[in-house]
Protein chains: 2
Amino acid sequence: MKLGELVTPAAIADAGALDHNLRTMSAALPGARLRPHVKAHKCTSLARRQAALGHETFTCATVREVLGMAEAGLGTDLLLANEVLDARALGKAKARVTVAVDSEATIDAAAAGGVREVLIDVNIGLPRCGCAPEEAGRLADLARKRGLSVRGVMGYEGHLMMVEDRADQAKRVDQAMELLARAHRDVGGDVISSGGTGTYDLNRLATEIQAGSYALMDTQYLKLGQPFRLSLAILATVISVSPGYAVADCGLKSMSMDHGNPTIDGAKVWFCSDEHVTFAPEAKLRVGDRIRVWPAHVDPTVAVHDRLHVVDGENVIESWPVDLRGWA
Amino acid sequence: MKLGELVTPAAIADAGALDHNLRTMSAALPGARLRPHVKAHKCTSLARRQAALGHETFTCATVREVLGMAEAGLGTDLLLANEVLDARALGKAKARVTVAVDSEATIDAAAAGGVREVLIDVNIGLPRCGCAPEEAGRLADLARKRGLSVRGVMGYEGHLMMVEDRADQAKRVDQAMELLARAHRDVGGDVISSGGTGTYDLNRLATEIQAGSYALMDTQYLKLGQPFRLSLAILATVISVSPGYAVADCGLKSMSMDHGNPTIDGAKVWFCSDEHVTFAPEAKLRVGDRIRVWPAHVDPTVAVHDRLHVVDGENVIESWPVDLRGWA
């Protein structure tokens, strides 16, 4: 299939950039040193590529992602790095499932659901889930009393992903990891799970890094100057041209706006509507031209598409279902 | 089914508020005076409710919406209020399909695709699609030469939807409508299609109003003080509680952030992540509690859900597929 035959808007991944990104990360964090986060792409086909490079352990953000990975035969070691109150589906999954817990209620839910293994989720500075570091040991003891195996700890320094000064970022990651190390001393276990694309090469404590965005990348992460390339774009068709601006048929229903406007090479983006992006191009465009629009945030952008088309120049070489979408 | 049995996050519509909104708008704009925009809910089941109240003409934003409405037997008079370069699927649809055109290329695409009827789309102040008012007559002539029937004009005063001073808003809507009236004099035809939820009661020129958001409503439109009630919420489960804040399991993958953070009654929302909202509640919450989160923008929020559950108190009385999602 040719690129020109795709109905727009369409999510496309540049095959060369994707391959470069996957290999670059695998070289830096081989095997189980990387626990790829599937929330960033929601494609079991892409996860299979990661597995082929030696990464058989995966991170998930939702029950649906865990179940989809298990159904796809990628259930060697799945971590649900999130708290759940209904773990019954996880307990029945044909996969090794470990779930994050940060309270008595989530420990009880894991045990009641038939989950066997947990990580104690620790707050290391991002005000989201995670217990206080000094609570981790008590929760680990409680989990063991409930019959759960405690594999170790996790903590996500999400508030430090986008720190642009690398020296400052490194120092603050170390400080966050001191909190996680303290919790780990009280909890025990082999696993210290942490990190993301923004800190994958700075996090010196974690036994495994939960990076996901590196595979497809977005304009937000690109600012950090890491060795990854933009792969994900939204292919759009120019549907209207007026003096000073043009309009293409992708908008905020096909690209997430939480990290701001997308970018278009050689153009200034004015704003997005549901199904439109209005932009001022430097060169003259014609109605019917096709353009690539670069989203600012890859994870929620992929999640609004049915399929991710892998492209090499003008050829669509694969078309992957975004099969880990949704929740129910 | 009970509300407590829904897997969270889940999109829910309060049945009473929805019914109130549908009836209120039907009283103000009966029958074909309203051309409900399905992009705001993407549910043929909800469109059927609108049809049952006497509105058999609908507005769509995508080819997929037109085809889905036609398949659902709701194709009496469908307007694709957007420009397309490939109209072949529209030409084959078992429905009366009218498409917006604003250039020679889109006129040619409509004719080549087998579409029979068009509206001339006119720019009345929002820099998006639409020809200059003085170009409308020439384009109408061109469309007729291509064998298309020109039903009239459309123009969307989208830049005026959120003007909070009603007198100022009314004045500016009148000015925008003067531009559309000028174009209509040159184009002819029975249809002057315009307006939205923000201006439905101010637009004095349009023969039909393209409102959609009024049915489910969002916190952005609520600020205008119109007689519509919030119906759409995201049902979420509190998964973690820390001193000063709590976290629920809905985030920017289940609610669109382009109009800003969602709101939670009796709480201050701090931020959203992919699958989390962190907020400071006034009253004590417990892990496992369920809350309703009000999205700021209804259209792209519904579009990320598979289903819209209609709820009456603690009962889920209907569960509608969001069957007009996607593009291909």
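Please read all numbers here as calculations on a predicted model, not as lab measurements.

**Concerning the overall build of chain A**
Right, so step 1: If you tally the helices and strands in chain A, you get nine helices and 15 strands.
Right, so step 2: Its C-alpha radius of gyration of 21 Å places chain A within 12% of the 20 Å reference for a compact globule of 328 residues.
Right, so step 3: Referenced to the eigenvectors of the C-alpha coordinate spread, the extents of chain A come out at roughly 70 × 40 × 35 Å.
Right, so step 4: Across the 328 residues that make up chain A, the buried fraction comes to 57%.
Right, so step 5: Expressed as a percentage of contacts within chain A between residues at least 6 apart in sequence, the contacts between residues at least 24 apart total 61%.

**A word on the packing of helix α6 (residues 136–145) of chain B against helix α7 (residues 166–187) of chain B**
All names here are of chain B.
Right, so step 1: Two elements in contact, α6 and α7, have axes separated by 8 Å at closest approach and are oriented at 35°. As for how α6 packs across α7, the hand of that crossing is right-handed. Residue-level inspection shows Ala-136, Gly-137 and Ala-140 of α6 in contact with α7, the latter providing Ala-183, Asp-186 and Val-187.
Right, so step 2: Along the lines of polarity and charge, the residues of the contact of α6 with α7 split into four nonpolar, one polar and one charged.

**A word on the domain arrangement of chain A**
Residue and element names in this part refer to chain A.
Right, so step 1: Per the domain assignment, the segments making up chain A are domain 1 (3–11 + 228–321) and domain 2 (15–217).
Right, so step 2: Using only C-alpha atoms to locate each centre, domain 1 and domain 2 end up separated by 31 Å.
Right, so step 3: Residue-level contacts link 15 residues of domain 1 with 18 residues of domain 2.
Right, so step 4: Of all the elements in the fold, those that place two or more residues in the side of domain 1 that touches domain 2 are α9 (298–302), β14 (307–312) and β15 (315–321).
Right, so step 5: When residues of the side of domain 1 that touches domain 2 are assigned to their parent elements, the largest contribution, four residues, is made by β14.
Right, so step 6: Partitioning the side of domain 1 that touches domain 2 into residue classes produces 11 nonpolar, one polar and three charged.

**Some remarks on the nonpolar core**
Right, so step 1: Counting 223 residues, the largest nonpolar core has Leu80(A), Ile120(A), Leu80(B) and Ile120(B) as its most contacted members.
Right, so step 2: Those residues in contact with Leu80(A) that sit more than four places away from it in its chain are Cys60(A), Val63(A), Val66(A), Leu90(A), Val97(A), Val99(A) and Ala100(A).

**Description of the sheet that holds strand β8 (residues 208–209) of chain B**
Residues and elements named next belong to chain B.
Right, so step 1: Spatially, seven strands are ordered β2-β3-β4-β5-β6-β7-β8 in an open sheet, and the strand pairing comes out parallel. Where the open sheet ends on each side, the last strands, each with one partner, are β2 (57–60) and β8.
Right, so step 2: Note: strand β3 (residues 77–80) against strand β4 (residues 97–101), three bridges, orientation parallel. Across the sheet, Leu-79 pairs through a bridge with Thr-98, a residue of β4.
Right, so step 3: Each of β2, β3 and β4 is contacted by helix α3 (residues 63–71), which is oriented at about 170° to β3, the strand it contacts most.

Parameters at a glance
- Residues numbered from 1 in each chain as written.
- Chains lettered and ligands numbered in written order.
- Predicted model: local features only at pLDDT ≥ 70, side-chain atom pairs only at ≥ 80, totals over all residues.
- Helix = DSSP H or I, 4+ residues; strand = E, 2+ residues; numbered from the N terminus.
- Rg over C-alpha atoms; globule rule 2.2 N^0.38 Å.
- Buried ≥ 20, exposed ≤ 12 C-beta atoms within 10 Å, placed from the backbone.
- Contact = placed C-beta atoms within 7 Å.
- Axes fitted to C-alpha atoms, helices over the stretch in contact; angles between N-to-C directions.
- Left-handed = near helix turned anticlockwise from the far one by under 90°.
- Nonpolar A, V, L, I, M, F, W, Y, C, P; charged D, E, K, R; others polar.
- Domains from an automatic or database assignment.
- Core = buried A, V, L, I, M, F, W, Y, C linked by C-beta atoms within 7 Å.
- Pairing = 2+ DSSP bridges.

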